[in-house]
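# Descriptive analysis of the structure
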Amino acid sequence: MSGALGLVWRLLHALLCLQRALLAWLRGRPAGGPRSWLWRRAASAAASCALLAPAAGTFAFRKAGAARRRPGGAAAARQRWRLDGRALQKLPVHMGLVVTEEEPSYADMASLVVWCMAVGISYVSVYDHNGIFKRNNSRLMDEILKRQQELLGLDCSKYTVEFANQDKADQGTNGFPDPDLVLKFGPVDSTLGFLPWHIRLTEIISLPSHLNISYEDFFSALRHYAACEQRWGK
Amino acid sequence: MSWIREGELTIIERFCGNIIKAGPMPKHVAFIMDGNRRYAQKCHVERQQGHSQGFDKLAQTLRWCLNLGIREVTVYAFSIENFKRSKEEVDGLMDLARQKFSRLLEEQENLKKHGVCIRVLGDLPLLPLDIQELIAQAVLATRNYNKCFLNVCFAYTSRHEISNAVREMAWGVEQGLLEPSDVSESLLDKCLYTSNSPDPDLLIRTSGEVRLSDFLLWQTSHSCLVFQSVLWPEYSFWNLCEAILRFQMNYSALQHLRMWTDSYSFWNN
């Protein structure tokens, strides 16, 4: 009897993994191309009738129109992003970016950091459980500066990125305020030890992956954060 | 017994429960039982009624956990921050606590039968004296039972718990009972209110909020976090199964990461 139940259990989990893989594949399809609207509908339908439908705070898939290129160049982009930030009811002062995936991407992380700056977020923490970003922080810094130039134009003087890096001797968070929002990327449903003391009131929003993340996905998460109602125990 | 609903699972529930039990099961589950007031608003009843239904749901959930072989449950019943609520609501919650703890003490036979060890964690001196006495009696009466464990966080915040533990370690060093080099992560574990429990494998928060609200911050740093949108008084056996399935899907990744963290702590402590 227990053998049969074990078999059913394995089948159930195989189905769940298949469903997850299917959703990831549907999400990963290029947004443009023939019948792309059909693929987006399929992704949306699959996500909504998925077993273990994404829990509150999880984004299943990219919104339609994610890859639409907007005209205007870097100056227009800067302006637009600043306005986007101002349009939100509330914006996090300190954002945590927690990567639970095995292979982090410096380019995508750099995009996220630059978008944070552009939208008006003052403090950003980047974290992965293995400490890969921390060990290779100079590479990350280079990527950030590169992305800053690409996305925000040559006039970077308005945005200075300061690295408040942690070494063994200085374990504090350098006067950063507590994170208001953590964007968690990847399949693992855990904060993996990210600033446990500091995240007592932090909203934790999950995104499927940081790989090839779009600005629209990032901004959707910020919109979701703006809609969260904090009661502070009252 | 009033704290654990009597009764067995239905045939379908038992069948599905058996399937889930074929996989790795959490040994310790923590619940943030959120949504009582929103439920009361939704059903057009008084807030107090919402909290009362919330307690009934706790009793039912404990029954499901026992049926599924989950032997330790920790619940966030009342935060230190909740003292900020209206006097009426706080008094109502204290009355509910009085009622439930008194009832618990009348059911000594059942407590023995179920072998439930009850622990209450928090800054208990903040509570009315009579409630502190009831709590003390309940904890003393059940301290030797070990079939299952219920930890009720009452007048609790994680930061208070951690600060308290750090104060105790500092006192130990001051008194010469500890060397400064003894102060470590594992010593901190031993000084928390939860020192007799393993870290929760699974933390479930209901009502759709996606934050920890100062609950077991240290202990859940590597736990599976599941946020569910259902309001606590509406929680069902299927919601619990869904959360456990999520835990199972995260199991191997979290085991692997926890082992890495444990070996890192071992070499660095």
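Everything in this summary refers to the structure shown in the same document. (Residues numbered from 1 in each chain as written. Chains lettered and ligands numbered in written order. Predicted model: local features only at pLDDT ≥ 70, side-chain atom pairs only at ≥ 80, totals over all residues. Heavy atoms only, no water.)

What follows concerns the overall build of chain A. Along its length, chain A carries seven helices and four strands. From first element to last, N terminus to C terminus, chain A shows the α and β order α-α-α-β-α-β-α-α-β-β-α. Within chain A, buried positions represent 44% of all 234 residues. A separation threshold of at least 6 residues defines the contact pool for chain A, and within that pool the share at least 24 residues apart is 73%. Total accessible area on chain A stands at roughly 12,300 Å², and carbon and sulfur atoms take up 57% of it. (Helix = DSSP H or I, 4+ residues; strand = E, 2+ residues; numbered from the N terminus. Buried < 20%, exposed > 50% of the residue type's maximum accessible area, 1.4 Å probe, protein only. Contact = heavy atoms within 4.5 Å. Areas by Shrake-Rupley, 256 points an atom, 1.4 Å probe, with all protein chains shown as cover.)

Next up on the list: the interface of chain B and chain A. Taken residue by residue, the interface counts 45 residues in chain B and 39 residues in chain A. Contact with chain A buries surface across chain B, with Arg159, Arg211 and Met249 of chain B losing the most and accounting together for 19% of the total. Summed over the shared surface of chain B and chain A, the number is six salt bridges. Residues Arg231 of chain A and Glu209 of chain B are paired through a salt bridge, measuring 3.3 Å at the closest nitrogen-oxygen approach. The interface formed by chain B and chain A includes 23 residue pairs in polar contact (both at pLDDT 80 or more). When residues of the side of chain B that touches chain A are traced back to their parent elements, those giving at least two are helix H1 (11-20), helix H2 (36-42), helix H7 (158-174), strand E6 (224-227) and helix H9 (237-268) of chain B. In terms of residues, the side of chain B that touches chain A owes the most to one element, H9 of chain B, which gives twelve residues. Its residues placed into classes, the side of chain B that touches chain A shows 20 nonpolar, 13 polar and twelve charged. (Buried area = accessible area lost by both parts, 1.4 Å probe. Salt bridge = Lys/Arg side-chain N within 4 Å of Asp/Glu carboxyl O. Polar contact = N/O pair within 3.5 Å; in protein donor to acceptor, adjacent residues only side chain to side chain. Nonpolar A, V, L, I, M, F, W, Y, C, P; charged D, E, K, R; others polar.)

The next point concerns the pattern of salt bridges. Taken as a whole, this structure holds 23 salt bridges over all chains when the rule is applied. A salt bridge links Arg37 of chain B to Glu89 of chain B; its shortest N-O distance comes to 3.5 Å. Residue Arg37 of chain B is located in helix H2, and its partner Glu89 of chain B is located in helix H4 (residues 87-106); the two are separated by 52 residues in the primary sequence. A relative accessible area of 6% places Glu89 of chain B in the buried class. Several salt bridges converge on common partners, so that one network encompasses Glu203, Glu229 and Arg231 of chain A together with Asp34, Arg38, Arg205, Glu209 and Arg211 of chain B.

All right, on to helix H7 (residues 215-227) of chain A then. All names here are of chain A. With 13 residues, H7 extends 18 Å between its outermost C-alpha atoms, agreeing within 8% with the 18 Å of an ideal straight helix rising 1.5 Å per residue. Listed in full, the buried residues belonging to H7 are Tyr215, Asp217, Phe218, Phe219, Ser220, Ala221, Leu222, Tyr225 and Ala226. For H7, the elements touching its buried residues are helix H3 (73-87), strand E1 (94-99), helix H4 (106-119), strand E3 (181-185) and strand E4 (203-207). (Expected span 1.5 Å × (residues − 1).)

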